[in-house]
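# Close look at the chain arrangement
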Amino acid sequence: MGAYSDWGKEQFGYYQKSVIYLEVEKEDMEIGIGTAFHIGDGVFVTARHVVEGNTITEIATDIGYDPFRGAFGEPAKDNLRIVKGPLYHPDKQVDLACFTVDKVPTSQLPLGGHLDSFLGPHELLLHRTLVLGFPRVPISARPHLLACFGEINGLIELYIGSKHPSFVVSTTARGGFSGAPVLVAYDEQNKITGTAVLGVVIESLVREGSPPEIGYMTVTTVEPIYDMLEHHGLLPDSQRLEA
């Protein structure tokens, strides 16, 4: 467990500044929270259902606890402004969106190279994962960036929706995790190149209106992320796969 914990702490330290939360106002005036993450050149990726049809009312990062003040600082509100988007995957069944901001963050998350054609039914089974996102915490004063370990339980194909398969990850599904990056440990000994984005957290699989926590956490593969970014001309050079 020590090596596992060390890997997670390393990844959190590298990438926490790449993850933001989006506060949105829905058509019914309800306030929702989702997560987005930076992949370079000021481009952020999130889930389609977080932003589609909603008004983004706040973009902020979690600056964390200040031990010298003995208190939490204020979130860095309005630090980023969307200048392009949100834009969506051309297939409406794919729960992905992207946008660009006016200031390029200093850190970015690396996308994985596990394209759909390389994935067998048990590919990456039981590989360790780390989810970074902003699930709602009851009675919390504001959203906080949480880090949750998990593992890949399987690769599934849904009988409705996207042509792309989805990963099932053992982390508990929670609403604010929508749009969050899931990191996979290809090789825990190599703290940087051994880790990449497995995919994006999308809606949990539930039946008959059950709460998200009862369902499975499902995660896109990376191929539709690449497809969406290429479609809109937003794929950073740093994320291009070698031929």
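Here the structure is a predicted model, which is why all the values come from computation and not from measurement. (Residues numbered from 1 in each chain as written. Predicted model: local features only at pLDDT ≥ 70, side-chain atom pairs only at ≥ 80, totals over all residues. Heavy atoms only, no water.)

### Describing the overall build of the protein chain
Our working rule: Helix and strand definitions here come from DSSP, where helices need a minimum of 4 consecutive H or I residues and strands a minimum of 2 consecutive E residues; each element is numbered from the N-terminal end. Any two residues whose heavy atoms approach within 4.5 Å are treated as being in contact. Areas reported as accessible are Shrake-Rupley estimates using a 1.4 Å probe. Residue values count occlusion only from the protein chains shown.
In terms of regular secondary structure, the protein chain is built from three helices and 14 strands. Sequence separation of 24 or more characterises 67% of the internal contacts of the protein chain that already satisfy a separation of 6 or more. When the accessible surface of the protein chain is summed, it comes to about 12,200 Å², and 52% of that surface belongs to carbon and sulfur atoms.

### Comments concerning the packing of aromatic side chains
The condition is simple: Stacked, edge-to-face and tilted labels apply to pairs of Phe, Tyr and Trp rings (six-membered ring for Trp) whose centres lie within 6.5 Å, assigned for plane angles under 30 degrees, over 60, and everything in between, in that order. When a residue's accessible area, from a 1.4 Å probe over protein chains only, is under 20% of the maximum for its type it is buried; when over 50% it is exposed; and in between it is partly exposed.
Enumeration over the complete set of coordinates arrives at four aromatic pairs. Considering the side-chain rings of Trp 7 and Phe 149, the 6.4 Å spacing of their centres and the 20° angle between planes classify their relative orientation as stacked. Of this pair, Trp 7 sits in helix α1 (residues 2-15) while Phe 149 is found in strand β10 (residues 146-156), placing the two residues 142 residues apart along the sequence. Trp 7 sits in the buried class, given a relative accessible area of 0%. On the numbers, 5.6 Å between centres and 5° between planes, the contact of Phe 44 with Phe 99 is stacked. Residue Phe 44 is found in strand β3 (residues 43-46), and its partner Phe 99 is found in strand β8 (residues 97-101); the two are separated by 55 residues along the sequence.

### Comments concerning the nonpolar core
Filter applied, for reference: Throughout, nonpolar core names a set of buried Ala, Val, Leu, Ile, Met, Phe, Trp, Tyr and Cys residues whose side chains join them through atoms within 4.5 Å.
One finds Phe 37, Val 45, Leu 111 and Leu 229 to be the most contacted residues of the largest nonpolar core, which totals 32 residues. Contributions of two or more residues to this core are made by α1, β1 (19-25), β2 (31-40), β3, β9 (128-133), β12 (181-185), β13 (195-200) and α3 (223-231). With four residues, the top contributor of residues to this core is α3. Beyond its immediate chain neighbours, meaning those up to four positions away, Phe 37 contacts Ser 18, Val 19, Val 43, Phe 44, Val 45, Leu 109, Leu 111, Gly 179, Ala 180, Pro 181, Val 197 and Val 200. Of all hydrophobic cores here, the second largest spans 16 residues; its members include Val 131, Val 169, Ala 173 and Phe 177.

### Some points on the sheet that holds β9
Basically, it comes down to this: Whether two strands pair depends on DSSP finding at least two bridges between them. Axis geometry follows a simple rule: fit a line to the C-alpha atoms, using only the stretch in contact for helices, then measure angles between N-to-C directions, giving values from 0 to 180 degrees.
The strand order across the open sheet built from six strands is β13-β12-β9-β10-β11-β14, with neighbouring strands paired in antiparallel fashion. Strands at the two margins of the open sheet, each flanked by one partner only, are β13 and β14 (217-220). Along the sheet, successive strands turn relative to each other by an average axial angle of 40°, direction set aside. Inspection of the sheet shows β10 paired to strand β11 (residues 166-169) by four bridges, in the antiparallel sense. In the strand pairing of β11, Leu 155 is matched with Phe 167.

### Side note on the environment of Ala 47
Along the chain, the position of Ala 47 falls in the loop between β3 and α2 (48-51). C-alpha of Ala 47 to C-alpha of Pro 181: the two residues are 134 residues apart in sequence and 10.0 Å apart in space.

### Describing the sheet that holds strand β7 (residues 82-88)
Strand order in this open sheet of six strands is β4-β1-β2-β3-β8-β7, and the pairing throughout is antiparallel. Two strands close off the open sheet at either side, each with one partner strand: β4 (55-60) and β7. Going across the sheet, the axis of each strand differs from the next one's by a mean of 30°, ignoring polarity. Sheet topology places β2 next to β3; three bridges connect them, and they run antiparallel.

### Some words on the environment of Asp 95
To be explicit about the condition: Within 3.5 Å is the distance limit for a polar contact, defined as a pair of N or O atoms, with the added protein rule that one can donate a hydrogen and the other accept it, and that residues adjacent in sequence qualify only through two side-chain atoms.
For Asp 95, the position within the fold is in the loop between β7 and β8. With 46 residues separating them along the chain, Asp 95 and His 49 place their C-alpha atoms 6.5 Å apart. Aside from chain neighbours lying at most four places away, what touches Asp 95 is Thr 46, Ala 47, Arg 48, His 49, Ile 202 and Glu 203. In this structure the side chain of Asp 95 is engaged in a polar contact, spanning 2.9 Å, whose partner is the backbone nitrogen of Arg 48. At 2.7 Å, the side chain of Asp 95 and the side chain of His 49 are in polar contact.

### A look at the pattern of salt bridges
Note the threshold: We count a salt bridge whenever a side-chain nitrogen from Lys or Arg sits within 4 Å of a carboxyl oxygen from Asp or Glu.
Applying the stated criterion across every chain, the model contains four salt bridges. Between Arg 81 and Asp 102 there is a salt bridge, with its nearest N and O atoms 3.8 Å apart. Of the two residues, Arg 81 sits in the loop between β6 (71-72) and β7 while Asp 102 sits in the loop between β8 and β9, which places them 21 residues apart along the sequence. Given the relative accessible area of 36%, Asp 102 is considered partly exposed. Arg 240 is paired through a salt bridge with Asp 237; the nearest N and O atoms lie 3.4 Å apart. Taking the relative accessible area as the measure of exposure, Arg 240 reaches 42% and is therefore partly exposed. When its relative accessible area of 63% is taken as the criterion, Asp 237 is described as exposed.

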